[in-house]
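Listed below are the residues making up each chain.
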Amino acid sequence: MSEVFPFNFPVETAVYLFLLTLSWALHFFFVGYVVAGSVYLAAASLRRSNSGDADPIEAVVRDWMPSALGAAITAGVAPLLFVQVVYQVEFYTAGLLISTRFMLILPALITAFYLFYVQKTKRFANWRRPTRAGIALAALACVFFVGTTWMRVHWLTVNKSSWEDLGNPPLDFGNGHQALARGGVFFAAAILLGSAVVRAQLGSPGIGGSPLSGAARRLSRIMGFGMAAMIAALAGAAFVYRAWPGPWMALTARADQPYWVLMLVAVLIFGVFIPSRPEAARARLRARAQLLAAFFIAVALAGIREGLRSRFAMMSTLHPRHFSLAEKGGWAVFAAFAAVNAACIAAAIRIARSRCERQA
Amino acid sequence: MDRLPAFYPLNDFGPLMKGMVIGGMGIVHVFLAQFAIGGGLLLCYFQRLASGGRDPLARRFIDGYFKALVLVSFVLGALTGVGMWLTAIQVSPRTIGVMVDEFHWVWATEWTFFCVEVVAGYAFYRCGVRLPDRSRMALLAMYSVAAWFSLFWINGILSWQLTPGAWVVRRTVWSGFFNPGFWPSLLYRTASSMTIAALIAFIVINAMPGFSSDERRGLIRRASNLMLPMLFMPALAVWYFLTMPADSRSWLLGGSPAMSLFLAGAAGSSMLLGGYALIGLVRQRLYINGATATTLTALAFSATACGEFVREGSRKPYTVREALYANSITPEEVKIARVAGWAGRDPYPLPDESAYPNSQLVLGGKVFRLQCGVCHTLDGANGLTHLVGTWSIEQRRMNLARLQHTKPFMPPFAGNADELEALVQFLGWHGAGRPRNWTRSNDEAARRSIQGWLDEAGTGPGTTPAAEAEREP
């Protein structure tokens, strides 16, 4: 156990890294839905001449996108906090080096939210296709911009050598091939996460209505595509990263290996439970297993991502700082309220769901 | 020598003062966040009326009001909260770094409440219409308590900046969190939140279709009750004022005309608002239309803006009282800088460094960036070119060397004589239109004068008795 990231570090550093990794996984769970959903809505707006509720997947995604983005932003606050604790200088410097782009995250997210909200209004369905496509594509562009900006920030935090080119920071996402490989893995994971959540929503009365055979078939195809994309992206990433000894050694380090295993197991579970026929036995249980697998994918991605960053950050120099921060106190209050508030969140969801289901 | 802090590749925002950027973001965020907090309390009140059957319109009003809350406060409020972090990193990374270091568990705790607020809020938004009164009340109560606790946690961090109290000695989280300004600030902000929520309720009531004139009047009268805590706001403001350090109070009472004016603006706007609300709405039960409600809300925004300006400004010359100056340099580091210099260690080049005629001007540019740039621009808002433009070169040397005594809300100069001369030369060169050639200053007599003024000024702030003692022969 002590050789697995982040527990291969001294306890103070390990605690902060654990919280960073876990909270990022939670954040990515919602981000996956937003990314996959915005791509689906953009594709749907280009594909059909009339936006209606004929496609239950489109209807449920359209309905939930503003809330999903809200959840992604809310969940994103915690990793944003812990990254400042663990990698303060690196993170701040990265944000300052791409100052304008860093600050544009905010208007991009605000724009995306309202564009998603517009897409769920009844009026939207009656607009002309170019207008609808323009709105859906603009929302997708905002999401793409925010995602690639965070990728760039991450790249800068692990590549201090790039800080020397300060007067004229490069505009690409770091090394082009590496960025493409990382982006590919994230996108494939987003498809799997998003489709797993949509399946659960469609199968949950009161949220998405009854799963329809056509929708189930389409969802199966999307999940199959996501699986293929994930395998291709992982293979591509392995091919690209092998050329860079530093990152390759970090990615294949023993501490990160459990995350690769978790990733493979999760993808396998995901594949086993892909809906094969519209009325599969124990559909809800199978959907939940797939949802759990999707969360494992998010955890595996977070572990690999942060494990890689920790190799470049010279943790031995950061540990004294983490040690002094841990001594400041307040963690017990956090732990207590985290438990209480988790129960409150569960209660709020139960209240809303039980009523919605009863009504349905 | 002590371990030196990290330097950051700081940017400038052109003619915009950094304080204006973060201040603008902060004011919008505070207003929206207070709307969310007060909104929760208001909704609980109306849900109670609905549950008891005392107001048949309450339920309909809640559903309309909640939509406004979600669309405006949930999105813009939440995102400007994240935006405060992003902006603070751009404006003063070291300050936000110190705050995160000290209070990261408090922030993490606040996040758990924020999650409850968002989940309960969205649950109500999606299912509230179909829920029975009891379930609605449960969700609204969860939302409201969580929103108020968000204020509770953040208020401790914000009030700590001005009145750190026992933290200065103990350096523990809770000695800083429960600081002298904590309770008056918390109660004042709670009352303020309820007022904002009521004012926005007036707008929503007027904007919602389907209500008759009498029904609107009835709902307005109910919502006005949320403004009653305004009665306590003057006393809470005085309590908060008394917890402030003496020098901070002096800025507000005439020591700084700008701050006195903003204080007057905050107090005047609040009194007008309070007078209208308490006499007109609560006592005389006047009707208020949408236009008037919007005007009053704008007045509340103005009061919030002035109040936040006063709160931020009264911390000068510190950003964390007695621990970190406004330019993110600690009092101990000033002492180090006087001997070994400061800006000379900055590894990051200036954006247009190759256009500088000599290395002295580059050093001066870095001194400006590190020490002045957080509150001043060169030519824009609070521009140094305007402020020192009429000073002779001797005046510049002396006034900057004795900075904390020239203007007591300025921090002491953090650097050696060479760095100060570099700053003086940089300001002169920039004021002259940045000519291609500029002779390097090697005036040994001037250097000795600067050193004398620096020694005379000391390294303490210009406002404390210790600094006064240093000035005594």
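Since the model is a prediction, treat every value here as computed from it, not as a measurement.

**Remarks on the domain arrangement of chain B**
Residue and element names in this part refer to chain B.
Working step 1: In terms of domain boundaries, chain B breaks down into domain 1 (18–324) and domain 2 (340–471).
Working step 2: Summarising the inter-unit geometry, the C-alpha centres of domain 1 and domain 2 are found 40 Å apart.
Working step 3: Taken together, the contacts link 10 residues of domain 1 with 11 residues of domain 2.
Working step 4: For the side of domain 1 that touches domain 2, the secondary-structure elements that each account for two or more residues are helix H1 (18–51) and helix H10 (246–255).
Working step 5: Looking at the side of domain 1 that touches domain 2 element by element, the count peaks at three residues for H1.
Working step 6: In the side of domain 1 that touches domain 2, the residues fall into four nonpolar, three polar and three charged.

**What to know about unusual backbone geometry**
For residues that are not glycine, phi is negative in most cases, and the peptide bond is trans in most cases.
Working step 1: The step from Phe5 of chain A to Pro6 of chain A runs through a cis peptide bond, and the omega angle for that step is 0°.
Working step 2: Considering the arrangement of structural elements, one finds Pro6 of chain A in the segment before helix H1 (11–47).
Working step 3: Of note, the amide linkage connecting Lys316 of chain B to Pro317 of chain B takes the cis form, showing an omega dihedral of 5°.
Working step 4: Among the secondary structure elements, Pro317 of chain B is positioned in the loop between helix H12 (290–313) and strand E1 (318–320).
Working step 5: For Arg171 of chain B, which is not glycine, the phi dihedral falls at a positive 60°.
Working step 6: Following the sequence through the fold, Arg171 of chain B ends up in the loop between helix H5 (167–170) and helix H6 (173–177).

**Section: the interface of chain A and chain B**
Working step 1: The interface of chain A with chain B comprises 46 residues on the first partner and 52 residues on the second.
Working step 2: Elements with a contribution of two residues or more to the side of chain A that touches chain B: helix H2 (56–86), helix H3 (88–97), helix H4 (99–120) and helix H12 (331–359) of chain A.
Working step 3: The greatest single-element share of the side of chain A that touches chain B, amounting to 15 residues, is contributed by H12 of chain A.
Working step 4: Residues of the side of chain A that touches chain B, tallied by class, amount to 31 nonpolar, 13 polar and two charged.

**Quick notes on the packing of H1 of chain A against helix H10 (residues 283–312) of chain A**
Residues and elements named next belong to chain A.
Working step 1: Interaxial distance between H1 and H10 falls to 8 Å at its minimum, and their mutual angle equals 130°. On the basis of their axis angle, the class for H1 and H10 is oblique. The way H1 lies across H10 gives a crossing that is right-handed. Note on element contacts: H10 touches H1 through Phe295, Ala298, Val299, Leu301, Ala302, Gly303, Glu306 and Ser310, opposite Leu17, Leu20, Thr21, Trp24, Ala25, Phe28, Phe29 and Gly32.

**Re the nonpolar core**
Nonpolar side chains in soluble globular proteins tend to be buried together.
Working step 1: One finds Leu192, Leu193 and Ile297 of chain A to be the most contacted residues of the largest nonpolar core, which totals 267 residues.
Working step 2: Discounting residues that sit within four places of it in the chain, Leu193 of chain A has contacts with Phe29, Gly32, Tyr33, Ala36, Ala294, Ile297 and Ala298 of chain A.

Definitions and cut-offs
Residues numbered from 1 in each chain as written. Chains lettered and ligands numbered in written order. Predicted model: local features only at pLDDT ≥ 70, side-chain atom pairs only at ≥ 80, totals over all residues. Domains from an automatic or database assignment. Contact = placed C-beta atoms within 7 Å. Helix = DSSP H or I, 4+ residues; strand = E, 2+ residues; numbered from the N terminus. Nonpolar A, V, L, I, M, F, W, Y, C, P; charged D, E, K, R; others polar. Axes fitted to C-alpha atoms, helices over the stretch in contact; angles between N-to-C directions. Parallel < 35°, antiparallel > 145°, perpendicular 65-115°, else oblique. Left-handed = near helix turned anticlockwise from the far one by under 90°. Core = buried A, V, L, I, M, F, W, Y, C linked by C-beta atoms within 7 Å. Buried ≥ 20, exposed ≤ 12 C-beta atoms within 10 Å, placed from the backbone.

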